Amino acid sequence: MSADPLNQPRTTAVPFGQYVVAAAALPDAAGFALGDGSLAVIAQGEVRRVVVNDRGALLSLATHDGAFVVGDDAGKVTRVDIDCALAPIAEMKGKWIEHVAAHAAKKVLAFSAGKEITVIDAKNGQRTLGPHPSTVAGLAFSPDGSRVAAAHYGGVSVWIHDRPEQAPRKLAWKGSHIAIAYAPNAKFIATATQENALHVWRLANGADMQMRGYATKPKTIAWTPDSLHLTSSASDAVTMWPFAGDGPEGKPPLEFGTRDGAFISVVQAHPRLKLILCGWEDGLITLADPAQKRAMPLHRAQGILSALAFDPTGTKVLYGTEEGEAGIIELPVTRA
């Protein structure tokens, strides 16, 4: 599959009128978590909307076992199926469920509540990991699903989640870590930090490195599927750090698609191709190809991009903005 610049992407935009917190896709449906506590589901051309939290906002969204899973600021974790039927999963009174993650192959679900992580699967039931040094600010499963990593103040804790009695592996670096991503080859863990930088650990030996120079805080990070490049938001160009060989030490990043006066607000990696989706603060959505050093415009939305996701096939893009526009973009791709 490759990008075809001669075809224009088709976009279906829907004005929800509420901050789009997150987007996620099932094979036959798109879900958008909204700031008014509702989840919007687009399936078979029909838009449905269900109130999950009638006292506040939704904070997190994932897909798990054929349904959507949302976390909210009332401490609830809720399953929502394609028909918008609700089923409670857990409730942590007085806590915010800021992060939800799932691993499809292992059929395991995790969510954060304050300083702790709760992990649920059919084999081992429910167990709690933590507490961590601070509120969990990012959550990610390892590529094989055996581990779950939490970003927090002072670094990262990596748990073997079916051994909750075992202490986590600690990856230390001072300061606040606010986002986390495993490399698809499981050789690295990357975080975004409050200090306008990215931090990466090489898991084989614990060696770490830092990439500085961002104008603002990177809030989202993404690896290309081959693990050869790491990118993030908070730049006025597509900035991709090389991780071939010994990694980026002493090497400049690959930079292209510079836009004066505009910054990337959110990034998302394609599930299979070496492409990165970039959402910009001025509403532009681009698809970045590091091999060609090109960023192809897909759509200009109303407002700052706040959410991006691919569908499982990688042929459709879900997007949402702070101003409440959401939509689905059918990518101009051809099968190789």
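Notes on the structure follow. (Residues numbered from 1 in each chain as written. Predicted model: local features only at pLDDT ≥ 70, side-chain atom pairs only at ≥ 80, totals over all residues. Heavy atoms only, no water.)

Turning our attention to the pairing of strand E33 (residues 325-330). The element E33 is extensively covered by neighbouring structure, given that 5 of its 6 residues are classed as buried. As paired elements, strand E2 (residues 10-15) and E33 share 6 bridges and run antiparallel to each other. For proline 15, the partnering residue across the bridge sits in E33 and is glutamate 325. Looking at chain direction, strand E32 (residues 316-321) and E33 are connected through 5 bridges and run antiparallel. (Buried < 20%, exposed > 50% of the residue type's maximum accessible area, 1.4 Å probe, protein only. Helix = DSSP H or I, 4+ residues; strand = E, 2+ residues; numbered from the N terminus. Pairing = 2+ DSSP bridges.)

Okay, the pattern of salt bridges next. Applying the stated criterion across every chain yields a total of 10 salt bridges. For aspartate 83, the salt bridge is made with arginine 48, and the minimal N-O distance between the two is 3.4 Å. In this pair, aspartate 83 sits in the loop between strand E9 (76-80) and strand E10 (86-91) while arginine 48 sits in strand E6 (residues 46-51), placing the two residues 35 residues apart along the sequence. In this structure aspartate 83 comes out as exposed when scored by relative accessible area, which is 54%. Between arginine 202 and glutamate 249 there is a salt bridge, and its shortest N-O distance comes to 3.8 Å. One end of the pair, arginine 202, is in strand E21 (residues 197-202); the other, glutamate 249, is in the loop between strand E25 (238-242) and strand E26 (254-256), and 47 residues separate them in sequence. A single salt-bridge network, built from bridges that share partners, covers Glu46, Arg48 and Asp83. (Salt bridge = Lys/Arg side-chain N within 4 Å of Asp/Glu carboxyl O.)

In this section: the sheet that holds E2. Taken in spatial order, the 4 strands of this open sheet run E2-E33-E32-E31, and their pairing is antiparallel. Each edge of the open sheet is held by one strand with a lone partner, namely E2 and strand E31 (305-310). Adjacent strand axes in the sheet meet at a mean angle of 15° when their direction is disregarded. (Axes fitted to C-alpha atoms, helices over the stretch in contact; angles between N-to-C directions.)

With that out of the way, let us pick up the sheet that holds strand E8 (residues 67-72). Spatial strand order, E7-E8-E9-E10: 4 strands in an open sheet with antiparallel pairing. Each edge of the open sheet carries a strand with a single partner, namely strand E7 (58-64) and E10. Averaged over all pairs of adjacent strands, the angle between strand axes in this sheet comes to 25°, irrespective of strand direction. Summarising the sheet, E7 and E8 pair through 6 bridges and their orientation is antiparallel. Residue pairing in the sheet places serine 60 in a bridge with glycine 71 of E8.

Attention now goes to the environment of alanine 183. Relative to the helices and strands, alanine 183 resides in the loop between strand E19 (177-182) and strand E20 (188-193). Accessibility expressed as a relative area gives 0% for alanine 183, which makes it buried. Expressed as a C-alpha distance, the spacing of alanine 183 and isoleucine 160, which sit 23 residues apart in the sequence, is 17 Å.

For the structure shown, the criterion picks out 4 aromatic pairs. Ring plane angle 20° and centroid distance 5.9 Å describe the contact between phenylalanine 188 and tryptophan 223, whose orientation is recorded as stacked. Taken together, the residues phenylalanine 188 in strand E20 and tryptophan 223 in strand E23 (residues 221-223) connect sequence positions 35 residues apart. For tryptophan 223, a relative accessible area of 5% gives the class buried. Counting every residue linked through ring pairs, the aromatic cluster contains Phe188, Trp223 and Phe243. One residue, arginine 259, lies across the ring of tryptophan 280, its end atom 4.8 Å from the ring centre. (Phe/Tyr/Trp six-rings, centres within 6.5 Å; stacked < 30°, edge-to-face > 60°. Lys NZ or Arg CZ within 6 Å of the ring centre and 35° of its normal.)

This brings us to the nonpolar core. One broad trend across soluble globular proteins is that nonpolar side chains are buried collectively. Counting 17 residues, the largest nonpolar core has Leu198, Val200, Met211, Ile221, Trp223, Leu230 and Phe243 as the members making the most contacts within it. At the level of secondary structure, the elements contributing two or more residues to this core comprise E19, E20, E21, strand E22 (208-211) and E23. Take this core: its biggest share by element is 3 residues, from E20. Dropping the residues within four chain positions of it, phenylalanine 243 is found in contact with Phe188, Val200, Met209, Met211, Trp223, Ser227, Leu228, Leu230 and Pro248. (Core = buried A, V, L, I, M, F, W, Y, C linked by side-chain atoms within 4.5 Å. Contact = heavy atoms within 4.5 Å.)

Here we take up the side chain of aspartate 289. Of note, aspartate 289 is situated in strand E29 (residues 284-289). There is no salt bridge for the buried aspartate 289, and the closest opposite charge comes from arginine 294, which lies 5.1 Å off by N-O distance. Side-chain polar atoms of aspartate 289 contact the backbone nitrogen of alanine 291, separated by 3.0 Å. Apart from residues no more than four positions distant in its own chain, aspartate 289 is found in contact with Phe256, Lys274, Leu275 and Arg294. (Lys, Arg positive; Asp, Glu negative; His and termini not counted. Polar contact = N/O pair within 3.5 Å; in protein donor to acceptor, adjacent residues only side chain to side chain.)

Locating histidine 161 in the fold gives a position in the loop between strand E17 (155-160) and strand E18 (169-172). The buried category is assigned to histidine 161, whose relative accessible area is 5%. From its side chain, histidine 161 meets the backbone oxygen of glycine 145 in a polar contact 2.6 Å long.

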